[in-house]
Amino acid sequence: MTMKFHKHWKGIILFLLPVLVLYGMFFLYPLVFVYLVSLMKWNGVTHMAFIGLKNYIDNFRNPIFRLALGNNFIWAFSLGIVQIALAALVALILARRPKGWKVLRTVYFLPNVISKVAIAMMWLAIYNADFGMLNALLKVVGLGALETNWLGNVSTALPAVIFQEVIYIGYFMIIILAATMSIPESFYEAAQMDGATVWQQERFITLPLVRGIIVTSMTLAIAFGLRQFESTFLMTNGGPANATMVMGLQLYVDLGSLDYGHANAIGGTLIIIGAILISGIRRLFGEREETAEANQ
Amino acid sequence: MRKPISIAALFGAALLFLLPVAVFAGGSQEGGLVSINWPSIWVGKDSKAPAIADLVKQFNADHQGKIQVNIEPNPDYDAYRNKLNASIAAGQVPDLFIFNPDPTTFQYYQGDLLMNFTNDLKGSWGQEFIPGTIQQATRDGVVKSIPYEIGVTPIWYNKALFQKAGISEFPKTLDEFWQDCAKLKAAGVVPTAQMTGGTNAWTSMLWYTQILAALGGPNVFDKTPFSDPIYVQAAEILQRMYQNGNTTKDAVGANAGVSGGHFLAGQVAMFLNGPWYIGRVKKDAPEVFSNSGLAAFPAINGGHPGGQVAFALSNLAAGNTQDKAKRAAVIEFLKWMTKPDNVRTISESAGSLFAIKYKVDPAKTDPVQAQFINALNDAKFTVPNLTNVIPAKVTAQLGQGIGAMALGKMTPQKFVQFMSQQLSQAQ
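Each chain has its residues counted from 1, following the order in which its sequence is written. Here the convention is simple: chains get letters from A, ligands get numbers from 1, in the order in which they are written. The predicted nature of this model means local features are confined to residues of pLDDT at least 70 and side-chain atom pairs, given and counted, to a pLDDT of 80 or more, with totals for whole chains, interfaces and linings taken over all residues.

Our focus in this paragraph is the overall build of chain B. Helix and strand definitions here come from DSSP, where helices need a minimum of 4 consecutive H or I residues and strands a minimum of 2 consecutive E residues; each element is numbered from the N-terminal end. Across its full length, chain B holds 17 helices and 14 strands. Each radius of gyration is computed over the set of C-alpha atoms, and the globule rule expresses the reference value as 2.2 Å times the number of residues to the power 0.38. Relative to the compact-globule value of 22 Å for 427 residues, chain B shows a C-alpha radius of gyration of 24 Å, a close match. For chain B, the C-alpha atoms occupy an extent of roughly 90 × 60 × 40 Å along the three principal directions. Looking at chain B residue by residue over its 427 residues, the buried ones come to 50%. Residues are defined as contacting one another if the C-beta atoms placed from their backbone atoms lie within 7 Å. Residue pairs in contact within chain B that sit at least 24 positions apart in sequence constitute 76% of those at least 6 positions apart. For every residue, the other C-beta atoms within 10 Å of its own C-beta are counted; 20 or more classify it as buried, 12 or fewer as exposed, and values in between as partly exposed. C-beta atoms are placed from the backbone.

Here the focus is the overall build of chain A. If you tally the helices and strands in chain A, you get 13 helices and two strands. Against the compact-globule benchmark of 19 Å for 296 residues, chain A has a radius of gyration of 24 Å, which places it well outside the compact range. Its C-alpha atoms put chain A at 80 × 75 × 30 Å along the principal axes. Taken over 296 residues, chain A has a buried fraction of 35%. Considering only contacts in chain A between residues 6 or more positions apart, those separated by 24 or more positions represent 71%.

Here A:L67 is to be found in helix α3 (residues 63-95). Each residue touching A:L67, except ones within four places of it in the same chain, is listed here: A:N242 and A:M245.

This brings us to the sheet that holds strand β11 (residues 292-295) of chain B. Residues and elements named next belong to chain B. Read across the open sheet, the four strands follow the order β9-β10-β8-β11; overall the sheet is mixed. Of all strands in the sheet, those bounded by a partner on one side alone are β9 (190-192) and β11. The mean inter-strand angle of the sheet, taken between neighbouring strand axes irrespective of direction, is 25 degrees. What makes two strands pair is DSSP finding at least two bridges between them. Interaxial angle, 0 to 180 degrees, is taken between N-to-C directions of lines fitted to C-alpha atoms, where a helix line uses only the stretch in contact.

Moving on, we come to the interface of chain A and chain B. Counting from both sides, the interface comprises 35 residues of chain A and, opposite them, 38 residues of chain B. Going through the elements one at a time, α1 (9-37) and α12 (247-256) of chain A are the ones with two or more residues in the side of chain A that touches chain B. Sorting elements by how many residues they give to the side of chain A that touches chain B places α1(A) first, with seven residues. Across the side of chain A that touches chain B, the residue classes break down as 15 nonpolar, 16 polar and four charged. Gly is put with the polar residues, along with every residue not named as nonpolar or charged; the nonpolar set is Ala, Val, Leu, Ile, Met, Phe, Trp, Tyr, Cys and Pro, and the charged set is Asp, Glu, Lys and Arg.

Attention shifts here to the packing of α3(A) against helix α7 (residues 157-166) of chain A. Residues and elements named next belong to chain A. Taken N-terminus to C-terminus, the directions of α3 and α7 make an angle of 35 degrees; their axes are 10 Å apart at the nearest point. By crossing handedness, the relation of α3 to α7 is classed as right-handed. Side by side, α3 and α7 meet where N71, I74, W75, S78, L79, V82 and Q83 of the first sit next to L158, I162, E165 and V166 of the second. A class-by-class count of the residues in the contact of α3 with α7 yields seven nonpolar, three polar and one charged. Crossings are sorted by hand: turned counterclockwise from the far helix by less than a right angle, the near helix makes the crossing left-handed, and turned clockwise it makes it right-handed.

What follows deals with the domain arrangement of chain B. All names here are of chain B. Note that the domain bounds were set by an automatic or database domain assignment. In terms of domain boundaries, chain B breaks down into domain 1 (29-151 + 311-367) and domain 2 (152-310 + 385-426). Look at where the C-alpha atoms of domain 1 and domain 2 centre, and you get two points 30 Å apart. Contacts between the two partners involve 15 residues from domain 1 and, on the opposite side, 17 residues from domain 2. Secondary structure elements with two or more residues in the side of domain 1 that touches domain 2: β7 (146-152) and β12 (307-318). Its residues assigned to classes, the side of domain 1 that touches domain 2 shows seven nonpolar, five polar and three charged.

Turning to the packing of α3(A) against helix α8 (residues 170-181) of chain A, a few remarks are in order. All names here are of chain A. Their axes nearest at 8 Å, the elements α3 and α8 cross at an angle of 45 degrees. Put simply, α3 runs oblique to α8. Viewed along their axes, α3 and α8 form a crossing whose handedness is right-handed. Across the interface between the two elements, Q83, I84, A87, A88, V90, A91, L92, L94 and A95 of α3 pack against F172, M173, I176, L177, T180 and M181 of α8. For classification, angles of less than 35 degrees are called roughly parallel, those exceeding 145 degrees roughly antiparallel, those between 65 and 115 degrees roughly perpendicular, and all remaining angles oblique.

Once that is clear, we can look at unusual backbone geometry. Note on backbone geometry: most residues besides glycine have negative phi, and most peptide bonds are trans. Going from A:G239 to A:P240, the amide bond is cis rather than trans, its omega being -5 degrees. With respect to the helices and strands, A:P240 occurs in the loop between α11 (230-235) and α12. Non-glycine residue A:L258 carries a positive phi angle of around 60 degrees. Positive phi values are uncommon outside glycine, yet B:F226 reaches one of about 70 degrees. Along the polypeptide, B:F226 turns up in the loop between α8 (202-216) and α9 (230-242).

What follows covers the environment of A:V32. Residues and elements named next belong to chain A. Topologically, V32 is positioned in helix α1. We classify V32 as exposed; it has 11 C-beta atoms within 10 Å. In the structure, V32 is positioned 192 residues away from F224 in sequence and 22 Å away in space, judged by C-alpha atoms.

So, on to the pairing of strand β10 (residues 268-272) of chain B. Residue and element names in this part refer to chain B. Most of β10 sits inside the fold, with five of its five residues counted as buried. Taken together, the three bridges between strand β8 (residues 155-158) and β10 define a ladder with antiparallel strand orientation. Across the sheet, the residue bridging to I155 is L272, located in β10. Pairing analysis gives two bridges linking β9 to β10, with the strands arranged parallel. Among the inter-strand pairings, V190 is bridged to a residue of β10, identified as V268.

Another aspect to go through is the pairing of β12(B). All names here are of chain B. Burial within β12 is extensive, with 12 of its 12 residues counted as buried. Relative to β12, strand β4 (residues 96-99) is paired through four bridges, and the arrangement is antiparallel. Bridging across to β12, I98 finds its partner in L316. Pairing between β7 and β12: six bridges, direction antiparallel. Its bridge partner being in β12, I150 is matched across the sheet by A312. The sheet contact formed by β12 and strand β14 (residues 381-383) spans three bridges and is parallel. Bridged to Q308 within β14 is T382.

Once that is clear, we can look at the nonpolar core. Soluble globular proteins tend to bury their nonpolar side chains together. Joined through C-beta atoms within 7 Å, a set of buried Ala, Val, Leu, Ile, Met, Phe, Trp, Tyr and Cys residues constitutes a nonpolar core. One finds A:I176, B:I36, B:I150, B:I211, B:A234, B:L238 and B:A269 to be the most contacted residues of the largest nonpolar core, which totals 183 residues. In terms of residues, this core owes the most to one element, α3(A), which gives 12 residues. Leave out the neighbours within four places in its chain, and B:A269 touches B:Y157, B:N158, B:L161, B:F162, B:L184, B:V189, B:V190 and B:P191.

Given below as structure tokens:
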């Protein structure tokens, strides 16, 4: 049996070639390199020595790595569920166009155009035990007993770092809002004529129709949570007592220690976990989405 | 349809040829001019920056048309170290660079990536260095970096705050130290600056090293770190420095900016840092500067008083090259930078101390710098700081362990066990 090629196959290949080369150079090659080095003992100076899965085993035996892994799941949940839920709620409210909704839309989105580094530095000052605004505010409202070193307290450090990321919902809010506002008004008019309440309209019209966008937003947010680094590095450097340690930071420390094998093993682990989590979410929500579409 | 295929072919070929090729450091040679690229952290606000820039300018002027040294500013220490590691791993070693010598960075010596100075230093050039410093830069009989800046970190205290608390002189014993801490607190002054943040919990690490030296003497690091009971004893003392208001409320999680900031703001009586900090104190806290005093750690019963923490802070290294002209140019520049007169110029302007022998002019010597020099000269013995003897991966956990101990999550024994485990895993 001879293979049939498209009559313009040469042109197709040539047009695809540049992007394939770039894809190969900046995605496939690094991916393969990560997994290759994760099986090696290498300090970046001498030759690599093959050691099999030892780096992975060492990592999973390390209690700090396991703690970091747990923290990454907390980040993924916080951003993927809590932040998206908040973003969706605000989007649904703004989609109703209350008074001043355009101003609110801008206000919610504004922090997303500011550098994450600047925001982390700002919250570092807010949380400061001696001169921070949070402790000052608590004192003013008579809750001085709650004053603490927010980033130096094992119980409060992780929630404090996560809080300053979760509340900035603007990015996903805008995406969900755009999807919500593209739903024809006639759907809501018809529902209103049938006596549906606002909550019933949102539940039976809006949410099913923006489910796909919400799932995509959750996927992105979970990915952001899994690769969390900047806020933790800038605000706590993984402390106190490794309470806020995340895998991205652990990887960074290993790279700085010329331990490329362990560092790439962390990277390899993150990729696998991310792939499983994200495909799991799409499978979980994607099936119902397909069913919903089939039933329409 | 031949036209689209030919256009596509041209487009694809052009993109392939125009794909960016990574070009890392590495100077070039054009028409006899040897260009040396030097990514440097001694730029911007670093106290040595102006003097270094002037010396480079003068060198370039003296060697116009033959050698050109180009400083590439890299003001952030951590970013610089990471960039260096990435470049070295990619086989792209800069023509010239600076590194903090520790067990991790001495791995750069392995392989053939660095220029070997062993034979160059055997002559008169090697005689210009303080005895022992070249040995500290030697591994397996080979010298692949030039010892340059050295650090000494006595206890830096604010005499005015001590006087405010009714203390006329620095405590000589540990018991007196705790009594003076109580007096300082009664006067509304925080006794010590501490920090568990940053990559190495710098201030607290130095306190811990000072205590270890006072307990273990000059040979404290001869044994494997964290294997001796004095590490637990030292940790108990450090833990007490974090308790009962002996340090600031934000010490756990604080970075160098915070711990130094408290000292500069006149809130904290005792701090630890090296002579490179003189310029900063002079500029940002003149009152603290004029009341600065330096001291060794108080004597501990059964211990070794009078020691100081002194260590190689920064070494200069160069990428290996087969180009004889480039090699000769790099050596020429390094000899210029290690010339005693030039080193004295940097020392006088920045307050830093160096591994090269030079005579200080008392008329030009900063009074606080003179105290640092005296602290070094008067020391009964010196020990390097803890991060000089443990790998970077273990250093990264030092702040975590100290933080856990400060918060009561680990006892001093558990802290030492934890650090010992980190050391075993890193080896």
